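Summary of structural features
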Protein chains: 2
Amino acid sequence: MKKAMTYRDAGVDINKGNEAVDKIKPLVARTKRPEVLGGLGGFGGLFQVPKGYENPVLVSGTDGIGTKLKVAFMCGKHDTIGIDAVAMCVNDILVAGAEPLFFLDYVAVGQLDPDQLAEVVAGIAEGCVQAGCALIGGETAEMPGFYQAGEYDVAGFSVGIVEKEALLDGSAVKEGDLILGLPSTGLHSNGYSLARKIAFDRAGKTAEDYIDALGETLGEALLRPTRIYIKDVLPILKGQPGVIHAMAHITGGGLVENVPRVLPAGLSAEIKVDTWPRLPIFDWLAAEGQVPEDDMWRTFNMGIGLAVVVAAEEAAQVKADFDSRGVRYYEIGRVVAGDQSVVLV
Amino acid sequence: MKKAMTYRDAGVDINKGNEAVDKIKPLVARTKRPEVLGGLGGFGGLFQVPKGYENPVLVSGTDGIGTKLKVAFMCGKHDTIGIDAVAMCVNDILVAGAEPLFFLDYVAVGQLDPDQLAEVVAGIAEGCVQAGCALIGGETAEMPGFYQAGEYDVAGFSVGIVEKEALLDGSAVKEGDLILGLPSTGLHSNGYSLARKIAFDRAGKTAEDYIDALGETLGEALLRPTRIYIKDVLPILKGQPGVIHAMAHITGGGLVENVPRVLPAGLSAEIKVDTWPRLPIFDWLAAEGQVPEDDMWRTFNMGIGLAVVVAAEEAAQVKADFDSRGVRYYEIGRVVAGDQSVVLV
């Protein structure tokens, strides 16, 4: 007689799933906002549309972390990668002028390790706290035979809200506008296929190797979480409506490809590359990989994670606001006549 | 001198990405709703909150397709798996009483194949059309060295809306309520780790093998898309408010674990297992895997994809509405006094 088969025989352990849910509950509680209805366990996450909007528009973003995950696997450190997942989504929402409201995560694993999953979700919850949004749902997919042992993928989804009249789509950008750059913390979540190839294949380093030029290990430099710009910028969007003309989240493609996404026809951005300190990780990667300068600028953020386009005559107010809250920024360029490109000078 | 490295050397081809975007655009256009603002290419997807709600609540769901994807890989058929991704999300939103508004997808690939990606997105767009929601964004993550050649993962995210007073959370369920079951099309998107182990390991079949008991190949039976119940049920939610007391989307855990999620304390569901035709795929899997009956019921939907709990005195109206629109249903049980469990009789 054949042996009977059950779901556990197939590699899926529902008890481990319940253990993981218990570990996750207090992490989720950290992110609660008053608009959240119900608890974990319902079929869908519930969030009341905030009051006071005339023509509310929902702004949604989804993103993953890409192969930065491999660095987390190498380092055996899983509690910051969730910050990256949140950052990649909410910064995209912010540049539409919107306030992120809530977040949901999708985590796919080969075999569920409740402790590892709790570390991942702890990072997600930390990201949500930094962004001021509520973690209202998620899916943990156990997919035996799909991911390598100990590996996983993470995707995030976030929804924000903005008054239709305050939506930023680049149409407000004018010649002469100033471009302020908010510093990145490092690579953020882009360019890791190239960076890993240079660091681990070409240079033959490991994540544990201390690099003098960086003043830290490669793992520390490459795993540093993406900065979340919500609380830096939201006070200006709400307190000085209309002053910010556009923003660009500097992700894959760098300043060169992301800034033009918010430039109207007939305008370009002149970016002065020596107006902010270049982070040592970029110089190290360029040198080790002999990466052409043009490729560096088209692959990495080069030290600027968010570009904020402001009216020149109102830039002083914006700077004063940043200064008063200790938000570091650089005046990195201006909007000039052109063909919707970035001119590096 | 070392050879210079670029992003393409690292396995990421941005031209292929642009080719994929061109293929995807017309698919996305199929799903457009009047509330959608802007086009593809912005940082976030934009959707106006529909007018006419007093206290609108957003209901969100995220889900993947699990190891059903492996069946798609075996069959080399990629244009229906997107329907599953949409179905898993929007059916979860529906059971809160909400209308799905929009959807975003996350597709992670080892190496981008624009044609394959377009097939996946065609399925997602078809699912969105079936659900009446707009595809307003997505992320295609190219992750070299992460997924096996030709393989990928898909996660979906959807947001719906419901008037707060019309939110279904199970609290309206009363003793004596009838439970109507809407048929599933097969396994939907759950139980595939066990099903694949039985079909391909234990029984030694391939996806191409024709199975007499099924009247089709295993691949056809296992890859059939998850049914989307939105257009079946939404007219009743809107036209006969209050008549549906609760719904349960029958996913992992089957009727036995999903129906109790909407039962108040002191009530159970008595389900008569002979009131609907059992699909042959379940009998075949049970026989080939010698799966205990209890495990079958806790793993698979067993032929019912959505359980709809209605007031007994108003059930006739609901049935008449289903009948008038050709929506098949079975009266599968009723709500009885109990301990929030399902009693199979």
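Residues numbered from 1 in each chain as written. Chains lettered and ligands numbered in written order. Predicted model: local features only at pLDDT ≥ 70, side-chain atom pairs only at ≥ 80, totals over all residues. Heavy atoms only, no water.

**Looking at the interface of chain A and chain B**
Across the boundary between the two partners, chain A contributes 82 residues, which contact 84 residues of chain B. Buried area between chain A and chain B, both sides added, is near 6,600 Å², and the carbon and sulfur share of it is 63%. For the chain A face of the interface with chain B, the top three residues by lost area are Met 5, Phe 43 and Phe 146 of chain A, together amounting to 14%. Applying the counting rule to chain A against chain B returns 0 salt bridges. The interface formed by chain A and chain B includes 15 residue pairs in polar contact (both at pLDDT 80 or more). Of all the elements, strand E3 (residues 56-64) of chain A adds the most residues to the side of chain A that touches chain B, at 9 residues. When its residues are assigned to classes, the side of chain A that touches chain B shows 42 nonpolar, 22 polar and 18 charged. As paired elements, strand E2 (residues 45-48) of chain A and strand E3 (residues 56-64) of chain B share 4 bridges and run antiparallel to each other. Residue pairing across strands places Gln 48 of chain A opposite Val 57 of chain B, the latter belonging to E3 of chain B. (Contact = heavy atoms within 4.5 Å. Buried area = accessible area lost by both parts, 1.4 Å probe. Salt bridge = Lys/Arg side-chain N within 4 Å of Asp/Glu carboxyl O. Polar contact = N/O pair within 3.5 Å; in protein donor to acceptor, adjacent residues only side chain to side chain. Helix = DSSP H or I, 4+ residues; strand = E, 2+ residues; numbered from the N terminus. Nonpolar A, V, L, I, M, F, W, Y, C, P; charged D, E, K, R; others polar. Pairing = 2+ DSSP bridges.)

**A word on the pairing of strand E4 (residues 99-109) of chain A**
Walk down a regular strand and you will see the side chains alternate between the two sheet faces. All names here are of chain A. Of all 11 residues that make up E4, 11 are buried, and the element is covered over most of its length. Pairing between E4 and strand E6 (residues 152-163): 10 bridges, direction antiparallel. The residue of E6 that forms the bridge with Val 107 is Val 154. Direction of pairing for E4 relative to strand E5 (residues 134-142): parallel, over a ladder of 8 bridges. Along E5, the bridge assignment pairs Phe 103 with Leu 135. (Buried < 20%, exposed > 50% of the residue type's maximum accessible area, 1.4 Å probe, protein only.)

**Remarks on the state of the cysteines**
Residues and elements named next belong to chain B. The full count for this structure, using the stated rule, is 0 disulfides over all chains. Residue Cys 89 stays outside any disulfide, its sulfur separated by 9.0 Å from that of Cys 133, the closest cysteine. The cysteine Cys 133 is free of any disulfide, with Cys 128 supplying the nearest cysteine sulfur at 4.0 Å. A relative accessible area of 1% places Cys 133 in the buried class. (Disulfide = S-S within 2.5 Å.)

**Things to note about the relation of the copies chain A and chain B**
Each copy of the sequence occupies a distinct position, and chain A is placed on chain B by a rotation of 180° and an axial shift of 0.0 Å, giving an RMSD of 0.0 Å. Viewed as a symmetry operation, the transformation between the two copies matches a two-fold axis. Closest approach to the rotation axis within chain A is made by the C-alpha atom of Phe 157 of chain A, at a distance of 3.4 Å. A shared binding surface is used by both copies, with 100% of the interface residues of chain A retained as interface residues in chain B. (Least-squares fit on C-alpha atoms with pLDDT ≥ 70 in both.)

**Structural notes on the domain arrangement of chain A**
Residue and element names in this part refer to chain A. For chain A, the domain assignment lists domain 1 (14-166) and domain 2 (178-344). Look at where the C-alpha atoms of domain 1 and domain 2 centre, and you get two points 24 Å apart. The interface is formed by 30 residues belonging to domain 1 together with 29 residues belonging to domain 2. The interface formed by domain 1 and domain 2 includes 1 salt bridge. Of the charged contacts in the structure, one is a salt bridge between Glu 99 and Lys 238, with a shortest N-O distance of 2.7 Å. Viewed at the interface, domain 2 and domain 1 are joined by 12 residue pairs in polar contact (both at pLDDT 80 or more). Taken together, the elements giving at least two residues each to the side of domain 1 that touches domain 2 come down to helix H2 (68-75), helix H3 (81-94), E4 and helix H4 (114-131). (Domains from an automatic or database assignment.)

**Some thoughts on the sheet that holds strand E1 (residues 36-37) of chain B**
The 6 strands lie next to each other as E5(A)-E4(A)-E6(A)-E3(A)-E2(B)-E1(B), forming an open sheet whose pairing is mixed. Bordering the open sheet on either side are E5 of chain A together with E1 of chain B, each of which pairs with just one other strand.

**Topic: the side chain of His 188 of chain A**
Here His 188 of chain A is to be found in the loop between strand E7 (178-183) and helix H5 (192-202). When sequence neighbours within four positions are dropped, the list of residues in contact with His 188 of chain A reads Lys 68, Asp 84, Thr 226, Arg 227, Tyr 229, Asn 301 and Gly 305 of chain A.

**Structural notes on the UniProt feature "domain: PurM-like N-terminal" (unreviewed entry) in chain A**
Taking the UniProt record as the reference, the feature "domain: PurM-like N-terminal" (unreviewed entry) is found at residues 57-162 of chain A. Taken end to end, residues 57-162 of chain A has its terminal C-alpha atoms 5 Å apart, with 38% of it in helix and 37% in strand. (UniProt positions renumbered as here; feature names shortened; annotations may be inferred.)

**Observations concerning a negative patch on the surface**
Taken together, the side chains of Glu 19, Asp 22, Asp 113 and Glu 119 of chain A present a region of like negative charge at the surface. Here Asp 113 of chain A shows up in the loop between E4 and H4. (Patch = residues over 30% accessible without salt bridge, like charges linked within 9 Å, V, L, I, M, F, W, Y side chains within 5 Å. Areas by Shrake-Rupley, 256 points an atom, 1.4 Å probe, with all protein chains shown as cover. Lys, Arg positive; Asp, Glu negative; His and termini not counted. Charge placed at Lys NZ, Arg CZ, Asp CG, Glu CD.)

**Looking at the UniProt feature "domain: PurM-like C-terminal" (unreviewed entry) in chain A**
As annotated by UniProt and renumbered to match this structure, "domain: PurM-like C-terminal" (unreviewed entry) occupies residues 174-343 of chain A. Structurally, residues 174-343 of chain A is divided into 35% helix and 22% strand, and its ends, taken at the C-alpha atoms, are 16 Å apart.

**Thoughts on the pattern of salt bridges**
Opposite charge on two side chains permits them to pair, given that their charged atoms come into close proximity. All names here are of chain A. Under the criterion given, the structure shown has 34 salt bridges over all chains. For Arg 334, the salt bridge identified is with Glu 270, shortest N-O distance 3.5 Å. A residue pair is termed long-range when its members are at least 10 positions apart, and Arg 334 in strand E13 (residues 330-337) and Glu 270 in strand E11 (residues 267-271) qualify at 64 residues. Residues joined in a network through salt bridges with shared partners are Arg 33, Glu 35, Glu 99 and Lys 238.

**What to know about the sheet that holds strand E7 (residues 178-183) of chain B**
All names here are of chain B. With mixed pairing, 6 strands are arranged side by side in an open sheet as E10-E12-E7-E13-E11-E14. In this open sheet, the two strands that pair with only one neighbour each are strand E10 (244-249) and strand E14 (342-344). Going from strand to strand, the sheet's axes swing by 25° on average, the running direction of each strand aside. Summarising the sheet, E7 and strand E12 (residues 304-310) pair through 6 bridges and their orientation is antiparallel. Among the inter-strand pairings, Pro 183 is bridged to a residue of E12, identified as Ile 304. Of the strands in this sheet, E10 and E12 touch helix H3 (residues 81-94), which is tilted by about 155° from E10. (Axes fitted to C-alpha atoms, helices over the stretch in contact; angles between N-to-C directions.)

**So, the packing of aromatic side chains**
Residue and element names in this part refer to chain B. Within the structure shown, the criterion is met by 12 aromatic pairs over all chains. Considering the side-chain rings of Phe 73 and Tyr 152, the 4.9 Å spacing of their centres and the 75° angle between planes classify their relative orientation as edge-to-face. Placement of the pair is Phe 73 in helix H2 (residues 68-75) and Tyr 152 in strand E6 (residues 152-163), with a sequence separation of 79 residues. One exposure class covers both Phe 73 and Tyr 152, and it is buried. Ring centres of Trp 276 and Trp 297 lie 6.0 Å apart, and the angle between their planes is 80°; on these two criteria the pair is classed as edge-to-face. With Trp 276 in the loop between strand E11 (267-271) and helix H9 (280-289) and Trp 297 in helix H10 (residues 293-299), the pair connects residues that are 21 residues apart, well separated along the chain. The residues Trp 276 and Trp 297 share a single accessibility class, namely buried. (Phe/Tyr/Trp six-rings, centres within 6.5 Å; stacked < 30°, edge-to-face > 60°.)

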